[in-house]
Every structure is written in structure tokens, then in C-alpha cells.
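The chain contents come next:
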Amino acid sequence: MRKPLSISIAFIVRDPLPPTRADLLTLFGAEMPRHGVGSELVGQSGGAGPVEWGGGGMHAVGSLGSRYASVLAPAWDLLGLARAWRRRKPDGIQVRDKIASGLLGRLAAAALGVPFLYWMSFPIVEGFEVRRDEIARRGRGPRWLAHAARAAASRWLLYRLVLPGARHVFVQSEAMADWLAGKGFARERMTAVPMGIDAALCARGRIVPSLDPRLDGRRVVLYLGRVAQARGSGFLLDVVEQLAPDVPDILLVIAGDAPSGDEMAWMRAEIARRRLDQRVLLTGWLARHEALGYAVRAEVGLSPIPRGVLYDVSSPTKLVEYLALGIPGVANDIPDQARVLAESGAGLCVPMEAPAFAAAVRRLLHEPGLAADCRARGPAWVRAHRSYAILGRTVAEAYAGILGRGA
């Protein structure tokens, strides 16, 4: 950046407030203010008033938080936008992953004479369609009809009214930008902002390794993240079964929770059914520092992501975290992961097939030179390409061009 910006953005988000996701809290609460970009977040937070973060660089305007919030969200977002406008007239209105509120944001931006921006971190319409099709497999009753109507209306609103009215669209990955370009949207009006990490939090030297005795004397392989049947988490157990015959001291640590108690019970039952209790450690929810403590005891990190329309355009955080921590990664070939491993040389990219994953893990466990090269390359690549400091600069430069200020 040649000179600091002086930009304010009203930003309608799906997340409850105050935000906890790093791509909101770190990117907009810490990094954007360094570039002179202030943001007023609008979302649901139980009726709380404005709250200040980042030394005045980010504020939040909370609205109704109740069982009616999802139905009334567009109206409450509009009221929140009005409150944000009264606080500080923004230079642009941005909406993230909301369709009805996206349309209202576009109309409000037109009425107020400022650019409308959209931030798309997930193919939400396609997610609605996947849910519709899941319900259809159990029968096409009133519930299916409601989901089908939601999917159809959302597709028409997003692709016919919301995105065409956006001055610029921020997307989750280069693959998502290419996917939207294939739908007819101008590629030059998109900026890819993949998931990143706070380099300071992932500095290996600052992390206290776990003292869990169950890790002692084992070849530890790590999965850092949530487990769920929809994510194909049983695949992790398939990989362990492939490794067990020739790596008898293998231990897979699954450091994370499930979205529901039923999902966690399913995973525990699968581990028991396959008699992998001595080869798989499922920790459940951990505080971040505890999860990282387990991570730095691992020799290899796994990131299997199912292929398909929902995940092919995603940007998984776990692989970048492994590399930042100096852990060689084994990941499958969704576009973002393939790109990360090709550019960094810090791991192995293979198809999401248990024999292929097991063979890649086996190589890293049995070839010390290869593993050492991967460990050495990961942290530097992440600092140069996927830290929020770097991503923040990319976003600020995009805002400068879109809103005609600075840079």
C-alpha cells in the first residue's frame, strides 16, 4: 500500500456477534484497521448495542437473538444497517453469505449512493439444494416442498438479483472464482480470499506440547477439526486400518468435536466397532491451545475433504495450520489443497482413497529426509501466502480499487 486508506464498510454477516471466526475477528478486527479500513458488523447478538473491537477499527451492531431471528433476520439486518449508518456513513455496504439480506443490501446501497459488495464464503444455494435432495430420499412431503421452495427462490435471488448488482465479489478460493465465472460473472470483479492463520498463534516455539501419556512412544498422525458423517469422517478410520499392519505403533489423534452429540456418538461407535480404541484418540472439544499442544506432537497431519460442488470451492484451514506448525500434510485433491501443496512442497497430495492416503502417510513416516523437507518448507510458505497479515493487504488493496481511495 502506498498510503493509508480511510474507508468505512457496513458489513452484514451471518455470524452471531461478537464474532469468533478468525476470518472476521482477525481479518476485520485486527488487520483491516492497520490499512485504514473500518467496519461496522451487523448481525444477531441478543439485542446488544454497539461493541468496539480493534481500537475503534471494528464495531458491531447486534439485533434480535431469539427463535424468530432466522425468519426476521433480513428486517433486523436492515435496522442494524440503519443504526450503523447513523454511527458513521460507510463508503460501501457488504453482505456475507446472506441472500435476502443481500438483496436488501443492494437496494440500500443504491438508495444511499454507495457501492454494494458481496462476500461469498460458501455456495449456500447449492447447500440448500443438497439438503433438499437429502430430504427427497426419505419422501417428498411438506418438509421437502418447503426446502425445494427455499432452494429455488434462493437460486433466483442470488444469481439473478444479488450477485449481478455487486460492484465486487469476494470469494473463498480461486476455484470458487473460476466456478462463478463459469456461471457468467466477470472474473475481474472477484477477489479470492482463502482461509488463513494468525502466524503468531501458530508459531511452534510458543506452543506447549501436550503431556498426554497416551502419545508417548507412538507414531502420531493428526486430524485437526470437526467430525461428521457428511464430511466423510469414517474415512479417517479407513486410513488407520490400512496403516495398522505395517505401522503397529500408529495413533490417530482426532483433535476436535462434532456438530452434535449424535455425531460424536456415531464416531465413538465406529471406533469401537472397528476395534480401533488403541489406535484412535478422539479428544472431543479442546481449547485452542490444548488442540495445538496435541498438534505439535504429530508427525503428519491429515486433511481429507470430500469432492463435490460444496467442497471443491472451499479453502480448508486445517492444512494451512499443519504447514504453519511445521507438520507435513497429506491432503486430497480439491483445488485449494492441491494448489497449497504444489506451491509449498510441504506435503503430499493424493486422491481421497484410503490406500493412497495410507501410502502417503507411510512415506512421510518412513522417509525422514522427505518429512524434514516438508517440515522446513511449510511455515515460510504460510507466512508469505496465507497469514492474515498477507490476506489483509490483498483485501485492503481490493477495497482501495473498488471504492476509489488510496493505494
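Since the model is a prediction, treat every value here as computed from it, not as a measurement.

Take the pairing of strand β7 (residues 168–171) next. Of the two faces of β7, the one lined by His 168 and Phe 170 and the one lined by Val 169 and Val 171 are each fully buried. Strand direction decides the pairing type here: strand β6 (residues 116–120) and β7, joined by 4 bridges, are parallel. Counted as the bridge partner of Leu 117 is His 168 from β7. Summarising the sheet, β7 and strand β8 (residues 190–192) pair through 3 bridges and their orientation is parallel.

Take the pattern of salt bridges next. In total, this model carries 26 salt bridges according to the counting rule given. Ionic pairing is found between Glu 134 and Arg 131, a salt bridge with its closest N-O pair at 3.4 Å. Of this pair, Glu 134 and Arg 131 both sit in helix α4 (residues 124–136), 3 residues apart, roughly one helical turn. Accessibility expressed as a relative area gives 27% for Glu 134, which makes it partly exposed.

Attention now goes to the sheet that holds strand β9 (residues 219–224). With parallel pairing, 6 strands are arranged side by side in an open sheet as β11-β10-β9-β12-β13-β14. If you trace the sheet from one side to the other, it starts and ends with β11 (280–282) and β14 (347–349), each paired once. If you compare each strand with its neighbour and ignore which way they point, the axes differ by 20 degrees on average. Pairing analysis gives 3 bridges linking strand β13 (residues 329–331) to β14, with the strands arranged parallel. Counted as the bridge partner of Gly 329 is Gly 347 from β14. Of the strands in this sheet, β12 (300–303), β13 and β14 are in contact with helix α11 (residues 335–344), which crosses β14 at around 140 degrees.

What follows deals with the packing of aromatic side chains. With the rule as written, the count across this model stands at 7 aromatic pairs. Centre to centre, the rings of Phe 11 and Trp 119 are 6.2 Å apart; their planes meet at 40 degrees, and the pair counts as tilted. On the criterion of sequence distance, the pair formed by Phe 11 in strand β1 (residues 7–12) and Trp 119 in strand β6 is long-range, its members being 108 residues apart. Its relative accessible area of 0% is what places Phe 11 among the buried residues. Judged by its relative accessible area of 3%, Trp 119 falls in the buried class. When the ring of Phe 28 is compared with that of Trp 119, the centres are 5.6 Å apart and the planes differ by 70 degrees; the resulting orientation is edge-to-face. In this pair, Phe 28 is assigned in helix α1 (residues 22–34) and Trp 119 in strand β6, connecting sequence segments 91 residues apart.

Counting 66 residues, the largest nonpolar core has Leu 222, Leu 252, Val 253, Ile 254, Leu 302 and Val 330 as its most contacted members. The element that contributes the greatest number of residues to this core is helix α12 (residues 354–366), accounting for 8 residues. In contact with Leu 222, other than residues within four places in its own chain, are Leu 252, Val 253, Ala 255, Ala 295, Ala 298, Val 300, Gly 301, Leu 302, Tyr 322 and Ile 327. Among the nonpolar cores identified, the runner-up in size contains 33 residues, and Val 42, Ile 93, Val 95 and Ala 192 belong to it.

Let us now look at the pairing of β6. Across the 5 residues of β6, 5 count as buried, placing the element largely inside the fold. Residues Phe 116, Tyr 118 and Met 120 line one face of β6 and the alternating positions Leu 117 and Trp 119 line the opposite face, and both faces are buried. Of the strand pairs in this sheet, strand β5 (residues 92–96) and β6 are connected by 4 bridges, and their pairing is parallel. Bridged to Val 95 within β6 is Tyr 118.

To continue, consider unusual backbone geometry. The phi dihedral of Asp 97 falls on the positive side, at around 55 degrees, and the residue is not glycine. One can find Asp 97 in the loop between β5 and α3 (100–112). A relative accessible area of 6% means that Asp 97 is categorised as buried. Its identity as a non-glycine residue notwithstanding, Arg 275 has a phi of 60 degrees, on the positive side.

What follows deals with the domain arrangement of the protein chain. According to the domain assignment, the protein chain consists of domain 1 (7–196 + 388–403) and domain 2 (199–385). Between the C-alpha centres of domain 1 and domain 2 there is a distance of 30 Å. Contacts between the two partners involve 16 residues from domain 1, matched on the other side by 14 residues from domain 2. Taken as a group, Ala 175, Met 195 and Ile 390 account for 34% of the area that domain 1 buries against domain 2, more than any other trio of residues on that side. Counting every contact that joins domain 1 to domain 2 gives 0 salt bridges. Taken together, the links from domain 1 to domain 2 amount to 2 residue pairs in polar contact (both at pLDDT 80 or more). Listing elements by their share of the side of domain 1 that touches domain 2, those giving two or more residues are α4, α6 (174–182) and α14 (388–403). Counting residues per element, the side of domain 1 that touches domain 2 draws most heavily on α6, at 4 residues. For the side of domain 1 that touches domain 2, the residue count by class is 10 nonpolar, 4 polar and 2 charged.

Reading the values: the criteria
- Residues numbered from 1 in each chain as written.
- Predicted model: local features only at pLDDT ≥ 70, side-chain atom pairs only at ≥ 80, totals over all residues.
- Heavy atoms only, no water.
- Buried < 20%, exposed > 50% of the residue type's maximum accessible area, 1.4 Å probe, protein only.
- Helix = DSSP H or I, 4+ residues; strand = E, 2+ residues; numbered from the N terminus.
- Pairing = 2+ DSSP bridges.
- Salt bridge = Lys/Arg side-chain N within 4 Å of Asp/Glu carboxyl O.
- Axes fitted to C-alpha atoms, helices over the stretch in contact; angles between N-to-C directions.
- Contact = heavy atoms within 4.5 Å.
- Phe/Tyr/Trp six-rings, centres within 6.5 Å; stacked < 30°, edge-to-face > 60°.
- Core = buried A, V, L, I, M, F, W, Y, C linked by side-chain atoms within 4.5 Å.
- Domains from an automatic or database assignment.
- Buried area = accessible area lost by both parts, 1.4 Å probe.
- Polar contact = N/O pair within 3.5 Å; in protein donor to acceptor, adjacent residues only side chain to side chain.
- Nonpolar A, V, L, I, M, F, W, Y, C, P; charged D, E, K, R; others polar.

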